[in-house]
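The lines below spell out each chain.
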Amino acid sequence: MKESQPNRNPQMESKKSIPPYMKAISGSFGGIVEACCLQPIDVIKTRLQLDRTGNYKGIIHCGATVSRTEGLRALWKGLTPFATHLTLKYALRMGSNAVLQSAFKDSATGTLSNQGRVLAGFGAGVLEALVIVTPFEVVKIRLQQQKGLSPALLKYKGPIHCARTIMREEGLFGLWAGAAPTIMRNGTNQAVMFTAKNAFDVILWKKHEGDGKVLQPWQSMISGFLAGTAGPVCTGPFDVVKTRLMAQSRDGGELKYKGMIHAIRTIYAEEGLLILWKGLLPRLMRIPPGQAIMWAVADQITGLYERRYLHSAAL
């Protein structure tokens, strides 16, 4: 009777998983590091997407122009809301994805199907878009589109002042401008990203959750980078429309774009189809490296937790 008990350990171990709060903590630390490293690329992406007159000739020209005319610090405009937004977003994304994955696991075997992983990722993306991403990105984009560094010449003096001004002039829901394309963008991105990250970990490094193996940072960066490439290509139009909807205000009276579908039609009619993928290159320069940085940090935290509390406990 006693000899049959150890045979259960591998199965029991496979059912154990990292708790959602640890996933949330790992994501928040990864978000802080990512924000500090990649903020300039996000500023350039936003400026390119909002440029309708051809002031910027490309990524390098845009960055050089902003630095020359507004100072180097301008490339870190909106860092406070961006870093806060990434920290909270990744905490919610990683934590909610872990909760949803647990809900989609087979109750008998404890395994998660690919369909369940996709649905959990999409659900986490929708949740983060509604709770965190949309209001923070509205503030971030309004700050980033302002040109110059003199506070006296700027409409928005900082993140808090920007949020208050938007709520006063446009109402509370002004902070949720562009919510629909943000939901579509983030839901699709996370469905692809979580599924691809798990697949690359298994294929490249033979890493399975709960096996006690801690990936090297460079291994996590490769998996994260590859997982972060597909989403931007698929969701480019949603990102452009999101930026346009978030950037417009009621200063001139009527809003140019009435909603997601109207914005897509208007942009296509006035500027052409390819404009819906404007800013794709800087997105590809930011999102895959951002995922590489975030996963390098997050995998170290969750990997150490696995080895100390899951794998060692099973032994």
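Treat the numbers as computed from the prediction; the structure is a model and nothing was measured.

Here's the deal with the packing of helix α4 (residues 79–104) against helix α7 (residues 179–205)
Running from amino to carboxyl end, α4 crosses α7 at an angle of 60°, the nearest separation of the two axes being 12 Å. If you check the angle between α4 and α7, you find them oblique. With respect to the hand of their crossing, α4 and α7 are arranged in right-handed fashion. Where α4 approaches α7, its residues Lys89, Arg93, Met94 and Asn97 are matched on the opposing element by Asn186, Gln190, Met193 and Phe194. Among the residues forming the contact of α4 with α7, the class breakdown is three nonpolar, three polar and two charged.

Looking at the nonpolar core
Met94, Met294 and Trp295 are the most contacted members of the largest nonpolar core, which totals 13 residues. Elements with a contribution of two residues or more to this core: α4, α7 and α11 (280–314). Take this core: its biggest share by element is five residues, from α4. Those residues within four positions of tryptophan 295 in sequence are excluded, and the remaining contacts are Met94, Met193, Phe194, Lys197, Ser220 and Gly224.

Quick notes on a nonpolar patch on the surface
Together, Ile203, Leu204, Trp218, Ile222, Phe225 and Leu226 line one region of the surface with nonpolar side chains, adding up to about 550 Å² of accessible area. For the nonpolar patch, the elements supplying multiple residues, two or more each, are α7 and α8 (217–227). Residue contributions to the nonpolar patch peak at four residues, all from α8. With respect to the secondary-structure elements, leucine 226 resides in helix α8. Among the residues examined, leucine 226 registers a relative accessible area of 34% and is labelled partly exposed.

Overview of the packing of aromatic side chains
Enumeration over the complete set of coordinates arrives at three aromatic pairs. Measuring from ring centre to ring centre gives 6.2 Å for phenylalanine 194 and tryptophan 295, while their planes differ by 90°; the resulting arrangement is edge-to-face. Of this pair, phenylalanine 194 sits in helix α7 while tryptophan 295 is found in helix α11, placing the two residues 101 residues apart along the sequence. For tryptophan 295, a relative accessible area of 7% gives the class buried. Ring plane angle 40° and centroid distance 4.9 Å describe the contact between tyrosine 305 and tyrosine 309, whose orientation is recorded as tilted.

Examining α7
What sets the pattern is the α-helix's 3.6 residues per turn: residues three or four places apart point alike. Along its 27 residues, α7 runs 37 Å from first to last C-alpha, staying within 8% of the 39 Å computed at 1.5 Å per residue. Looking at the residues trailing α7, positive phi occurs at lysine 206, about 55°.

About the criteria used
- Residues numbered from 1 in each chain as written.
- Predicted model: local features only at pLDDT ≥ 70, side-chain atom pairs only at ≥ 80, totals over all residues.
- Heavy atoms only, no water.
- Axes fitted to C-alpha atoms, helices over the stretch in contact; angles between N-to-C directions.
- Helix = DSSP H or I, 4+ residues; strand = E, 2+ residues; numbered from the N terminus.
- Parallel < 35°, antiparallel > 145°, perpendicular 65-115°, else oblique.
- Left-handed = near helix turned anticlockwise from the far one by under 90°.
- Contact = heavy atoms within 4.5 Å.
- Nonpolar A, V, L, I, M, F, W, Y, C, P; charged D, E, K, R; others polar.
- Core = buried A, V, L, I, M, F, W, Y, C linked by side-chain atoms within 4.5 Å.
- Buried < 20%, exposed > 50% of the residue type's maximum accessible area, 1.4 Å probe, protein only.
- Patch = residues over 30% accessible without salt bridge, like charges linked within 9 Å, V, L, I, M, F, W, Y side chains within 5 Å.
- Areas by Shrake-Rupley, 256 points an atom, 1.4 Å probe, with all protein chains shown as cover.
- Salt bridge = Lys/Arg side-chain N within 4 Å of Asp/Glu carboxyl O.
- Phe/Tyr/Trp six-rings, centres within 6.5 Å; stacked < 30°, edge-to-face > 60°.
- Expected span 1.5 Å × (residues − 1).

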